Structures are given as C-alpha cells and as structure tokens.
Amino acid sequence: GTRGAARARRVLVAAELALALTLLAGAGLLVDSLRRLGGVDTGVDARQVLTAQFSIPTRVLQPGEDLDAWAGQAMAALGPRLTAIEERLRAIGGVDAVSLSFGLPASGIASWSSAFEVVGDPAGRQPAVQYRFVSTDYFRTFGIPVEAGRAFDALDGTRALLPTELLVNRAFATRFLGGGDAIGREIRTFGDAPIPVVGVVGDVRQAGLEREAQPELYFPLAKAIKGEIAIALKVRGDALAFAGPLREAMREVAPDAPVYAVRTLDTVIGSTLALRRFNASLMAVFAGVALTLAAVGLYGVVAYTVGRRRREIGLRQALGADTRAIHRLVLRSGLAMLLPGIAFGVVGALLVGRLVASQLYGVGSADPRVLAGVVAVLAVVALAACLVPTWRAARVAPLEALRDE
C-alpha cells in the first residue's frame, strides 16, 4: 500500500486502542467503587438473618371520622395480632431473636418522616427527620448497639395513645442534642406532649451504602396503625433453611397475612448495589470487546507490515542484523500506534471519569492507581499482540526471504 493507506491503518488502530483505554478506565473506576462499597460498615450485622414482608388488612380512615379515635382503634386491633405473630415466630426452633418493624435496616428504602422540636432548643421546630417503628428485639436482631440508656420493653407504647418514650440514633444526638447525654431530653413530634429520650442507638446507613447515616427517631411498634410489616429472624445456621418454618408459622397465626420477599438480609443489602453492579458489568463488557478489537487490529496491522517488509528483513539479516535488531524494528511499528492510543485514551479516561463521578464512592474520577492499572493492562495486551508477528519476523531466513521475493 501507499503511505496514505498505511497512515490510515495506524490511525484506526490507535483510535481503537484509545477507545479501549477509555472504557477500561471507566470500568476500573466503577469496579473499584463497588469494591470499596463492599467494605462499608452498614451499622447492622447481616449474618444469619432471614427477612420477609407481610401485610395485615387494617381499618381505613373514613371521611369525617375523628383521627385520634380511628388511630386508637387501629392500634387496638393491630397490636395484639403483631404480638401473637412475634410470639409464634419466637417459638420456631433455632431462632434467637425476632424483629417486626416498618421496613428493614440498610435496605435503601427510607421510612416516613416528619418535623420535630427539641424541648429547650432555641432553634425551635426542625425540618423532617426519619421515623422508624420497631419491636422490642429489633436492635438485638440486627446487632445495632444500644450506646446509652435502654432499648424498648414490652410496656413501651402501651401507656397512652401517643408515644411516651423514644430512642434516637447517634447521628441525631450529635446533630440536635449537642453530642452530650441525650437520656432524659424531650422531643415534641406527635402533638404538643414532649416525649423523653430513653436510649441512644448506633447509626445505620438506611438509604444506601454510599450515604452517611442520617438522624433518626425510633418508636415502639405498638404505635403501628398500618399492617405493612417487615419480619427479621436471627437464627442459628443457614438462614434460608428457616423460610419454610417461617411461612408455616405465619399460616397458623395469621392466615390472612400473605408472606412475600423472603430473603436473607445480606441479599436485601446487596440489592441496593444492583444498579451499580449492572453499570460496572456493562462497562466491563464494552471494555473487553474494545480491548479485543484493538488487540486484533494491532496484530493484523503489524503482521501485514511484517509481510510487506519480508524482503527488507531478509536483507537486514544478510547484512548482519541480529534477532534483537529485528525485534526492535517490528516493535517500533507497534509502538507508533500504541503510544498515541495511550495518550488519547488517557484524555478519554479523564472525560469518562467525570461522566461517572456521581456513581463513584471512595475513588476519584481521575484516580492515578486506576489509570496506571488500565494503561499497564492495555500495554501488556498490545505488546502481546505484537509478539507473534515479531517472533515470525525474527525467524525469517535471509535466503528464504530473498528467494520468495
């Protein structure tokens, strides 16, 4: 071919190498981010915990009905049923603790929220904070430490229509209670009656592994007025082996409450990373395809060049060129495509890093370790693609090359 055709081939292969490097960098950033998220402390102990959801029909508020009266009736109807379910689940052999709650911890699903006021705080009414309604064994089931005060007991939530005690997490105590002793501080949430804080518990990354724990208030499940409840069993042995006994127990005590979404807590928490895993996998597939095409293209161009220069290589050997000199000659043509590909690929990698910055955790969009790693991978693959034609060129016998010509 002509010089123009040779230049076009080199430009095409360099572009393939640049694209491969760009996609490899994007995949590397996403995979490294996933790796870092996998090491994040969620605030819960997910080992040997089986979870499920169930729904109990509850009475609907009628138009014009008094809200307090309806709430009292709803609690009176739902409370004994939840207590019976909890007791039946505790009777399953191998179950160490049972939790009923509105939603599961670290599941990526936010609970409902409302405004509140810390009694004695001159700041007055504060914006919405997360509320969670949990049973007495909630914190023991999920391994959430009670850092001060106490957890809920069986009497909490039964003394009046409105809550008479609550718990706060460490993030709430730090942000709104000055980080000091929170026990005994009073908070207004429901109505005007102040509710004392009886305990401080550890933080949980409720909204996802990539988000810091937010301030939360915990209330007894006895104040529940809706029947969409999450179950969690802390068990001895394989958690999934308790799925059958769980369903059987629920059929006995609450046949009108269908059980669904039976999964381990590890699976629940892992599902919060499903979209990130999909994006990383998709980027890795594209990067693999691009890297393969670039390697094949580089091999093809170098092999074609060696074939065209077969007589020249024979003459060089006849004039005294050794194997090392032939290797340098062929590899030089490969490097002429690899180095521009790496240069433009690094620029593309920096741009891709900015595009995926919102999906990264614990790694910068231009992380030097990731860039160095993908450059090394591309260089190794590219040099490997050059080895076969280089090896063939070095084995060309001078007389054979001249005779073929």
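The following refers to the structure shown. (Residues numbered from 1 in each chain as written. Predicted model: local features only at pLDDT ≥ 70, side-chain atom pairs only at ≥ 80, totals over all residues. Heavy atoms only, no water.)

**Looking at the overall build of the protein chain**
Link 1 in the chain: In terms of regular secondary structure, the protein chain is built from eleven helices and eleven strands.
Link 2 in the chain: The globule rule puts the C-alpha radius of gyration for 405 residues at 22 Å, and the 33 Å found for the protein chain is more than 25% above it.
Link 3 in the chain: Structurally, the protein chain occupies a C-alpha span of about 105 × 55 × 40 Å along its principal axes.
Link 4 in the chain: A total of 405 residues make up the protein chain; the buried ones form 45% of that total.
Link 5 in the chain: Restricting the contact set of the protein chain to residue pairs at least 6 apart, pairs at least 24 apart contribute 81%.
Link 6 in the chain: For the protein chain, the exposed surface amounts to about 19500 Å²; the carbon and sulfur share of it is 60%. (Helix = DSSP H or I, 4+ residues; strand = E, 2+ residues; numbered from the N terminus. Rg over C-alpha atoms; globule rule 2.2 N^0.38 Å. Buried < 20%, exposed > 50% of the residue type's maximum accessible area, 1.4 Å probe, protein only. Contact = heavy atoms within 4.5 Å. Areas by Shrake-Rupley, 256 points an atom, 1.4 Å probe, with all protein chains shown as cover.)

**Re the environment of Leu82**
Link 1 in the chain: With respect to the element layout, Leu82 can be found in helix 2 (residues 67-90).
Link 2 in the chain: Under the relative-accessibility criterion, Leu82 is labelled buried at 5%.
Link 3 in the chain: In the structure, Leu82 is positioned 172 residues away from Ala254 in sequence and 9.3 Å away in space, judged by C-alpha atoms.

**Brief notes about the nonpolar core**
Link 1 in the chain: In terms of nonpolar packing, the biggest core is built from 63 residues, with Val44, Phe139, Phe142, Ile144, Tyr218, Leu265 and Leu298 touching the most fellow members.
Link 2 in the chain: Elements with a minimum of two residues in this core: helix 1 (3-38), helix 3 (138-141), strand 8 (195-201), strand 10 (228-235), helix 6 (265-271), helix 7 (274-308), helix 9 (323-355) and helix 10 (368-394).
Link 3 in the chain: For this core, the element with the most residues is helix 1, which contributes twelve residues.
Link 4 in the chain: The next biggest cluster of nonpolar side chains, apart from the first, holds 47 residues, and it includes Leu100, Val168, Leu246 and Ala249. (Core = buried A, V, L, I, M, F, W, Y, C linked by side-chain atoms within 4.5 Å.)

**A word on a nonpolar patch on the surface**
Link 1 in the chain: A surface patch of nonpolar side chains, amounting to about 700 Å² of accessible area, comprises Leu275, Phe278, Leu282, Val285, Phe286, Val289 and Leu293.
Link 2 in the chain: Relative to the helices and strands, Phe286 is located in helix 7. (Patch = residues over 30% accessible without salt bridge, like charges linked within 9 Å, V, L, I, M, F, W, Y side chains within 5 Å. Salt bridge = Lys/Arg side-chain N within 4 Å of Asp/Glu carboxyl O.)

**Details of the side chain of Thr189**
Link 1 in the chain: In this fold, Thr189 is placed in the loop between strand 7 (186-188) and strand 8.
Link 2 in the chain: Apart from the residues within four sequence positions on either side, Thr189 is in contact with Ala115, Phe116, Arg125, Tyr131, Ile195, Leu217 and Phe219.

**Examining the environment of Gly353**
Link 1 in the chain: Along the polypeptide, Gly353 turns up in helix 9.
Link 2 in the chain: Filtering out sequence-adjacent residues up to four positions away, Gly353 remains in contact with Leu29, Leu360 and Ser365.

**A closer look at the pattern of salt bridges**
Link 1 in the chain: Enumeration over the complete set of coordinates arrives at 20 salt bridges.
Link 2 in the chain: For Arg36, the salt bridge goes to Asp32, with nearest N and O atoms at 3.5 Å. With Arg36 and Asp32 both in helix 1 and four residues apart, this pair spans about one turn of that helix.
Link 3 in the chain: Given a relative accessible area of 8%, Asp32 falls into the buried group.
Link 4 in the chain: With a closest N to O distance of 3.3 Å, Arg369 and Asp32 form a salt bridge. Placement of the pair is Arg369 in helix 10 and Asp32 in helix 1, with a sequence separation of 337 residues.
Link 5 in the chain: Each of Asp32, Arg35, Arg36, Asp367 and Arg369 takes part in one network of salt bridges that share partners.

**Things to note about helix 5 (residues 243-253)**
Link 1 in the chain: Taken together, the buried positions of helix 5 are occupied by Ala243, Leu246, Ala249 and Met250. Along the long axis of helix 5, the arc covered by the buried residues comes to 130°, so they all point the same way. (Arc of directions from axis to C-beta.)

**Brief notes about the packing of helix 2 against helix 5**
Link 1 in the chain: At a closest axis distance of 10 Å, the pairing of helix 2 and helix 5 adopts a crossing angle of 140°. The element helix 2 and its partner helix 5 pack so that their crossing is right-handed. Each of Arg81, Ala84, Ile85, Arg88 and Leu89 in helix 2 lies in contact with helix 5, whose residues at this interface are Leu246, Ala249, Met250, Glu252 and Val253.
Link 2 in the chain: A per-class count over the contact of helix 2 with helix 5 returns seven nonpolar, no polar and three charged. (Axes fitted to C-alpha atoms, helices over the stretch in contact; angles between N-to-C directions. Left-handed = near helix turned anticlockwise from the far one by under 90°. Nonpolar A, V, L, I, M, F, W, Y, C, P; charged D, E, K, R; others polar.)

**Looking at the packing of aromatic side chains**
Link 1 in the chain: One pass over the structure, following the stated rule, counts ten aromatic pairs.
Link 2 in the chain: Here the aromatic rings of Tyr138 and Phe142 are separated by 5.0 Å at their centres, their planes lie at 65°, and the arrangement is edge-to-face. In terms of burial, Tyr138 and Phe142 fall into one category: buried.
Link 3 in the chain: Aromatic pair Tyr138 and Tyr218: ring centres 6.1 Å apart, planes at 50°, arrangement tilted. A residue pair is termed long-range when its members are at least 10 positions apart, and Tyr138 in helix 3 and Tyr218 in strand 9 (residues 216-220) qualify at 80 residues.
Link 4 in the chain: Assessed through its relative accessible area of 1%, Tyr138 is described here as buried.
Link 5 in the chain: With relative accessibility at 0%, the residue Tyr218 sits in the buried group. (Phe/Tyr/Trp six-rings, centres within 6.5 Å; stacked < 30°, edge-to-face > 60°.)

**Observations concerning unusual backbone geometry**
Leaving glycine out, the prevailing phi sign among residues is negative, and the prevailing peptide bond configuration is trans.
Link 1 in the chain: Its identity as a non-glycine residue notwithstanding, Gln48 has a phi of 55°, on the positive side.
Link 2 in the chain: Within the fold, Gln48 resides in the loop between helix 1 and strand 1 (49-55).
Link 3 in the chain: Since its relative accessible area comes to 38%, Gln48 is described here as partly exposed.
Link 4 in the chain: The residue Ala106 is not glycine, and still its phi comes out positive at about 55°.
Link 5 in the chain: Its place among the elements puts Ala106 in the loop between strand 2 (95-101) and strand 3 (113-118).

**Things to note about the pairing of strand 4 (residues 125-134)**
Link 1 in the chain: Where burial is concerned, most of strand 4 is hidden: seven out of the ten residues are buried.
Link 2 in the chain: Relative to strand 4, strand 3 runs antiparallel, the two sharing four bridges. What sits directly across from Ser114, in strand 4, is Val129.
Link 3 in the chain: Of the strand pairs in this sheet, strand 4 and strand 9 are connected by five bridges, and their pairing is parallel. Within strand 9, the position partnered with Val134 by the bridge is Pro220. (Pairing = 2+ DSSP bridges.)

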